[in-house]
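Chain and residue survey
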There are 6 protein chains.
Amino acid sequence: MFYHVKELQYNAKPEKPDAVYARKLQEILGGQFGEISVMIQYLFQGWNCRADQKYRDMLLDIGTEEIAHVEMLSTMIAQLLDNAPVKEQEEAAQDPIIRAAMGGMNVQHAIVSGLGAKPDDSMGYPWTARYTVASGNLLADFRANLNAESQGRLQAVRLYEMTEDRGVRDMLSFLIARDTMHQNQWLAAISELEARDGKVVPGTFNRQQEKQEVSYSFMNCSKGTDSAEGRWAKGPSMDGQGQFEYIENPEPMGQIPILAPGPIYIHGTMPSGQTPPPSQF
Amino acid sequence: MFYHVKELQYNAKPEKPDAVYARKLQEILGGQFGEISVMIQYLFQGWNCRADQKYRDMLLDIGTEEIAHVEMLSTMIAQLLDNAPVKEQEEAAQDPIIRAAMGGMNVQHAIVSGLGAKPDDSMGYPWTARYTVASGNLLADFRANLNAESQGRLQAVRLYEMTEDRGVRDMLSFLIARDTMHQNQWLAAISELEARDGKVVPGTFNRQQEKQEVSYSFMNCSKGTDSAEGRWAKGPSMDGQGQFEYIENPEPMGQIPILAPGPIYIHGTMPSGQTPPPSQF
Amino acid sequence: MFYHVKELQYNAKPEKPDAVYARKLQEILGGQFGEISVMIQYLFQGWNCRADQKYRDMLLDIGTEEIAHVEMLSTMIAQLLDNAPVKEQEEAAQDPIIRAAMGGMNVQHAIVSGLGAKPDDSMGYPWTARYTVASGNLLADFRANLNAESQGRLQAVRLYEMTEDRGVRDMLSFLIARDTMHQNQWLAAISELEARDGKVVPGTFNRQQEKQEVSYSFMNCSKGTDSAEGRWAKGPSMDGQGQFEYIENPEPMGQIPILAPGPIYIHGTMPSGQTPPPSQF
Amino acid sequence: MFYHVKELQYNAKPEKPDAVYARKLQEILGGQFGEISVMIQYLFQGWNCRADQKYRDMLLDIGTEEIAHVEMLSTMIAQLLDNAPVKEQEEAAQDPIIRAAMGGMNVQHAIVSGLGAKPDDSMGYPWTARYTVASGNLLADFRANLNAESQGRLQAVRLYEMTEDRGVRDMLSFLIARDTMHQNQWLAAISELEARDGKVVPGTFNRQQEKQEVSYSFMNCSKGTDSAEGRWAKGPSMDGQGQFEYIENPEPMGQIPILAPGPIYIHGTMPSGQTPPPSQF
Amino acid sequence: MFYHVKELQYNAKPEKPDAVYARKLQEILGGQFGEISVMIQYLFQGWNCRADQKYRDMLLDIGTEEIAHVEMLSTMIAQLLDNAPVKEQEEAAQDPIIRAAMGGMNVQHAIVSGLGAKPDDSMGYPWTARYTVASGNLLADFRANLNAESQGRLQAVRLYEMTEDRGVRDMLSFLIARDTMHQNQWLAAISELEARDGKVVPGTFNRQQEKQEVSYSFMNCSKGTDSAEGRWAKGPSMDGQGQFEYIENPEPMGQIPILAPGPIYIHGTMPSGQTPPPSQF
Amino acid sequence: MFYHVKELQYNAKPEKPDAVYARKLQEILGGQFGEISVMIQYLFQGWNCRADQKYRDMLLDIGTEEIAHVEMLSTMIAQLLDNAPVKEQEEAAQDPIIRAAMGGMNVQHAIVSGLGAKPDDSMGYPWTARYTVASGNLLADFRANLNAESQGRLQAVRLYEMTEDRGVRDMLSFLIARDTMHQNQWLAAISELEARDGKVVPGTFNRQQEKQEVSYSFMNCSKGTDSAEGRWAKGPSMDGQGQFEYIENPEPMGQIPILAPGPIYIHGTMPSGQTPPPSQF
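What you are looking at is a predicted structure, and each value in this text was computed from that prediction instead of being measured.

Superposing chain E onto chain A takes a rotation of 180° combined with a translation of 0.0 Å along the rotation axis, leaving an RMSD of 0.0 Å. When the rotation and shift are considered jointly, the pair of chain copies conforms to a two-fold rotation axis. Comparing interface residues between copies, 100% of those in chain E also lie at the interface in chain A; the contact surface is shared.

Structural data, given as structure tokens:
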């Protein structure tokens, strides 16, 4: 169960409104790697957790914190939209700055949400649950989380660069710092689980059952061998169980597929000379 | 530019048709972490790559290989659908196996694709480009790739468990082995980049500008301290630049937000006693 | 069955083209509460209606009228797009007004629809059937309809404020008036059904089967008691069957959930010390 | 800012697993009117609220409670999935109950989420932010909320009818009771705002500016006059400002639209005899 | 403007309910090539039409007819759902036919729409406006329409094969016949426009401006020359302006792309040895 | 299986960056008729092909070529984004041209993809697999392909008109020429299949089973008879098996639908006077 207190986790006060920037800030609220994504992702990973309670508890801690980040961003965006110049009076239309601002803002901020934040990204695309990752395998999921915090911090930094507003930057400096922590946190949790369960997910699959001839081969499917220069092309594999091998000219190992004609009730195209009789019904 | 050869990269021949399983196999073809996702993801990361050529080349190598995996899975699914029992003749309807098959299969395999594979997942949800990740920051993106291969191998293993068909298992044993390689490959590429650019993405942001007081604090937003037991709660941080700290009772640090009433032309709800005059136009 | 006459239900003639405004007007054509939404919603409610014929007939009357509204808006948008300045010749590029206009228009109006209306909203997001509501319970659905007409009139009014074009405003004054009628209409139909079936949907569920201890309790899950001031916090309940009660400090009433480990064939993360054996197959 | 306690708001313990029912229960978790929808909807309405603090506080109270409902449903679904029969061993395939279960369950519960809940609906469609309503006009939005609780209670009641499991029914009896309260709550808040701002949303638009001739006319666009029997067809309008009028044969009032040919650079189809010259560039 | 009459365009009466088939029939109601798609597509093409009035009129004729088809299918589906077996009482659960039906039906037909049709496809995916095509170029669009009627008739025929219900087959025999007409209709309209504007869309682009060396070359990007056997590989081109040519070994004609490093404020990965300085802000 | 060479199929080098145009160009990369659509469409048609090998081979040839087109467009877009002006420094904000450019660009190009192409359309909507068509009936699908190439060439031509950049135009002149070929190619393949299987898809359905009375009737559902002037209204039908007939006043041929009340466990609205008893459970 959850409780709310009225204070924000950290300040969210812009120096002045900026409707165009409000639109951009939507990305880290409702985008693929926005705060709604990590909120839902961590909460579902926690609720579905069948492993040790410390993982469940940790996931719900951070998931709960992310709700507060959603709150901060929504509050910031609403203030950036204060008195947004949505009226196209004749005079305003003469002012190219204002018209450009109107062109650049998310017009739904005026028409739909009445100068409020929306659970959408910076192009107005709605947040979708297909962004979330929760597989029941924590090592897999913590890698998803590390990625989410990496993409999220990268986007927050880019948004920091795009504004001079000290209030916005203050809030972003907090979110960026939390992303630093969260990258560190997932790195720590990953190192714990890799030590316990091995580096290849899932660690419980019997390795005899995979086609081990190709488990450590780099296949150079593209002409030229620049790709031979990387760590992935030679030396011991990262899981300590094999040697990387560079296949310069990978050959196909499978059949040339030829599909059987479909049954008549499907009415697909038959091979020539095999015209099917009319339907029997 | 690309070229095709008729042979598959590896065998894709089921022992016998199984329309219900065909539907399940769609997950690793057109799902969030299916082969279409990694194909598009690696190709776009390669095409957009502004870093060293070896990364671009490596990305296009593996992206090109993934097209072959899409091909194998599509071919397998089409064969699993051979002669799918879509006709509900009276007799068939009495046979619970056949009715169950008709219920459990993806009915679009019969109505829409005419017993062919679809670029959808196992619940019939179409593949969407919002699954792809390509940020221009390779360390971030390689973490996305490591996650994709972890989720992908996990799903392939689960699908392996769900069938006894030796032909399907043979193909999956190949894909699972390639996912072993690809997890190793991204781990290798990540270790190269972390050594060069640091562990926190993006490494180029001036750390003075983030709110460093909270860069290594674990905030226990959930009652109880099970979460204090993990590596993330104490000791040196994973990036080597701080010490983890456990905040047992995190307090809010921000304002209580109070938003200003909206301008009259938005026609939102005003605070009581502030009824706006009718519109001036 | 349906018939068409060539005249529009009401005038749809702008004074002059305005491609940026055309984009905004898309919201009430193809947005969440646009005319396509109410058209499909009322028609499906009518076609699925299992109650009195007067409701079915009324729903099909208004659903049929909404097709005419879709027609008016499409026609208006096409005219607003007449000669849209899509060519970026050098001279035009010098004119900030024109460039701003080009930035602000829906670029698909030029590239995709060839200066025609699209069944999308003002951010270019396509209309989706998940906007529609038709549950088979008319009281529930008429509340959905009342909401749709409330949101729809609000958006039409905002769009009225955003233009000075007398032709556009003339058309909007008609649509706004119809929304006045339609809000009144659903209020009337709701009052009929509430008198007959009660205020709580669905009225047919046996109230003994719900957890009646909490059927009239307001739970103050947020610190502070501002919420105690409303009508919802004290006095008789609106359905006349209980008394509102204000729970200042709501306590959890359920268990602390602990999930069982998953079966081995799922390959999820196991609790420590319970490492599963390799797969048996 | 938010805090979590480990206990659920109410019990969520099924008597026994039922993977097919788990899939159905997803509807009120991640469907159009599921708990995620009301959670996000109330929180965003609260965060964006520019009216009296009592409304903001009330919205955040109930939004916070809804997070607990999401938690209860997720926990219930995970338990319903315990040991789901995903393996298709030969023997199992002979058992029609097991095959039916495999056909009827959400196969992503096995392949993707590893026997955990997903933020999707009962057909596997992911939750999307386009379900949420937050317009800045509270009367409009409270009508949306009343609808959401009406649809939500209706669906919960239907799901109650679909199971005999006493644990599931116990949890649903709690959620149904809360929906009773929440319908009452929104009815109460609506009556407050209607008394203050009038029944037609938005109340601030100058009624002189709408086409008042049609503000209270019911238009019978469908042959037959069953629709004349309702409260909406005669008598005083519900807003007390007019009289309902029944237009038996509504006539078009607008022009026959004729669009001008498009400019040549659009390359649309020209009227016959107006073949455009080749492009000038 | 539009009018409705109560009679359906043609009979829609099943012999008996069949909830599983109801789900399948959704495909031609709300699927990619269902009746909603052609309804919206033809209406928008008509409303946006800037060419001769006969095309506009014809498009609105057929678009109006399609609304009646949507009505017939919705009515049929509602009747197929009469008394759908949604209750899982213990006895019922023992009956494999009933369980199969419960597994195979669209569970939202019970939980969400209350035994009514939905604007979704057979996998429960909602109709989306991205299915519609209306470009302003009628030759292009009539080809889209011909395709829609081809796919639509194919799906209707497959659904005809999947049932023995004489009422359903009677309705389908009507829809299939209309699709015969509509394929003929678009073929006729296409032949008119091809005669007038040429076979290559758009006919107004100056052919000097395209890279004419490759305007009639078939490029054999796949090893093997089976593709040389078709009409497309030799002989005069279909537009009468060139000769097909078969390029057995197509060579790349473009550059090897090398992208410039991104500006520092993007924080992408730099090439090695070009580590950027910390941000200046 | 597939192979890659580093050279592009044709040049993709803009004269200079243009971030606003980059956004527009996304339409033919990731839009409904962009290169990703045809790539996936042709490959799936090929992989699912159950007809003659020459069709499979041809489909894979052209599908493979389309991957190269995706590559060219992605490369072009990345270069158009070089040094995009995303920083809103005070000085820049004074320059209306720059602000307008910022308003008009896809802001995710800066925030999300780090100046790389995205698999989205020009309004930022992600590519979705529901764009693809692959039915197993090649005549139907080749009509889909002809439409795709018609819409695609039309959009490419419009984009050609929207720029003066010689590098962009050079690349587009190549793509436009290929679309000329591909329209010719599908016309050729269609003429082959129509000669073999007849003009009405599917040719294998027994024409006795369709309602032949309406197989060649044009129904004038819209008042006025402009539509009588077309080829579709009189003369022999295009399939050579009937005569077009013009029905000036089409009459309904079906029943007035009246649905039975739903079962009590659905809790829908009952007809008046038929109030159901409380639930029995």
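Under the feature "binding site: Ca(2+)" (unreviewed entry), the UniProt entry names Asp 57, Asp 61, Asn 220, Ser 222 and Gly 224 of chain A. With the annotated positions falling across 168 residues, the maximum pairwise C-alpha distance of 49.4 Å shows that they are not confined to a single cluster. For Asp 61 of chain A, the location among the structural elements is in helix 4 (residues 53-80). Excluding anything up to four places from it in sequence, Asp 61 of chain A contacts Phe 218, Met 219, Asn 220, Cys 221, Ser 222 and Ser 227 of chain B. Mapped onto the fold, Ser 222 of chain A is located in the loop between strand 2 (217-219) and strand 3 (245-247). Those residues within four positions of Ser 222 of chain A in sequence are excluded, and the remaining contacts are Asp 57, Leu 60 and Asp 61 of chain B together with His 4 and Lys 6 of chain F.

Interfaces are often sized by the accessible area lost when the parts come together. In this assembly, 112 residues from chain A lie in contact with 112 residues from chain B. If you sort the residues of chain A by the area they bury against chain B, Arg 130, Trp 232 and Gln 255 of chain A come out on top, with a joint share of 8%. Joining chain A to chain B, the criterion identifies four salt bridges. Here Arg 130 of chain A makes a salt bridge to Asp 121 of chain B, at a shortest N to O gap of 3.0 Å. At the boundary of chain A and chain B, one finds 70 residue pairs in polar contact (both at pLDDT 80 or more). Among the secondary structure elements, those contributing two or more residues to the side of chain A that touches chain B are helix 4, helix 8 (138-161), helix 9 (166-197) and strand 2 of chain A. Per element, the largest residue contribution to the side of chain A that touches chain B is 17 residues, and it comes from helix 9 of chain A.

For the rest of this paragraph, the subject is the relation of the copies chain A and chain B. Between the two copies, chain A and chain B, the superposition gives an RMSD of 0.0 Å; the rotation angle is 180° and the shift along the axis is 0.0 Å. Taken as a fraction of all interface residues of chain A, those also at the interface in chain B reach 100%, which identifies the copy contact as same-surface.

Take the packing of helix 3 (residues 35-47) of chain B against helix 8 (residues 138-161) of chain B next. Residues and elements named next belong to chain B. Helix 8 packs onto helix 3 with a crossing angle of 160° between their chain directions and a minimal axis gap of 11 Å. Between helix 3 and helix 8, the interaxial angle falls into the category roughly antiparallel. Considering the relative orientation of helix 3 and helix 8, their crossing is left-handed. Residues Val 38, Gln 41, Tyr 42 and Gln 45 of helix 3 touch helix 8, and the partners they reach there are Asp 141, Phe 142, Ala 144, Asn 145, Ala 148 and Glu 149. By residue class, the composition of the contact of helix 3 with helix 8 is five nonpolar, three polar and two charged.

This part is about the domain arrangement of chain A. Parsing chain A into structural domains produces domain 1 (19-197) and domain 2 (207-247). Using C-alpha coordinates to define each centre, domain 1 of chain A is positioned 37 Å away from domain 2 of chain A.

Glancing now at the UniProt feature "binding site: Mn(2+) 2" (unreviewed entry) in chain A. All names here are of chain A. The feature "binding site: Mn(2+) 2" (unreviewed entry), as annotated in UniProt, sits at Glu 66 in this numbering. Along the chain, Glu 66 falls in helix 4. Those residues within four positions of Glu 66 in sequence are excluded, and the remaining contacts are Glu 35, Val 38, Met 39, Tyr 42, Glu 149 and His 182.

This part takes up the interface of chain E and chain A. With 12 residues of chain E at the interface, the matching set in chain A holds 12 residues. Roughly 1100 Å² is buried in total at the junction of chain E and chain A, and carbon and sulfur atoms are behind 53% of that figure. For the pair chain E and chain A, the interface holds zero salt bridges. Across the contact surface, chain E and chain A share four residue pairs in polar contact (both at pLDDT 80 or more). Looking at the side of chain E that touches chain A, the element that brings in the most residues is helix 8 (residues 138-161) of chain E, giving four residues. When grouped by side-chain class, the residues that make up the side of chain E that touches chain A number five nonpolar, three polar and four charged.

Conventions we followed
Residues numbered from 1 in each chain as written. Chains lettered and ligands numbered in written order. Predicted model: local features only at pLDDT ≥ 70, side-chain atom pairs only at ≥ 80, totals over all residues. Heavy atoms only, no water. Least-squares fit on C-alpha atoms with pLDDT ≥ 70 in both. Contact = heavy atoms within 4.5 Å. UniProt positions renumbered as here; feature names shortened; annotations may be inferred. Helix = DSSP H or I, 4+ residues; strand = E, 2+ residues; numbered from the N terminus. Buried area = accessible area lost by both parts, 1.4 Å probe. Salt bridge = Lys/Arg side-chain N within 4 Å of Asp/Glu carboxyl O. Polar contact = N/O pair within 3.5 Å; in protein donor to acceptor, adjacent residues only side chain to side chain. Axes fitted to C-alpha atoms, helices over the stretch in contact; angles between N-to-C directions. Parallel < 35°, antiparallel > 145°, perpendicular 65-115°, else oblique. Left-handed = near helix turned anticlockwise from the far one by under 90°. Nonpolar A, V, L, I, M, F, W, Y, C, P; charged D, E, K, R; others polar. Domains from an automatic or database assignment.

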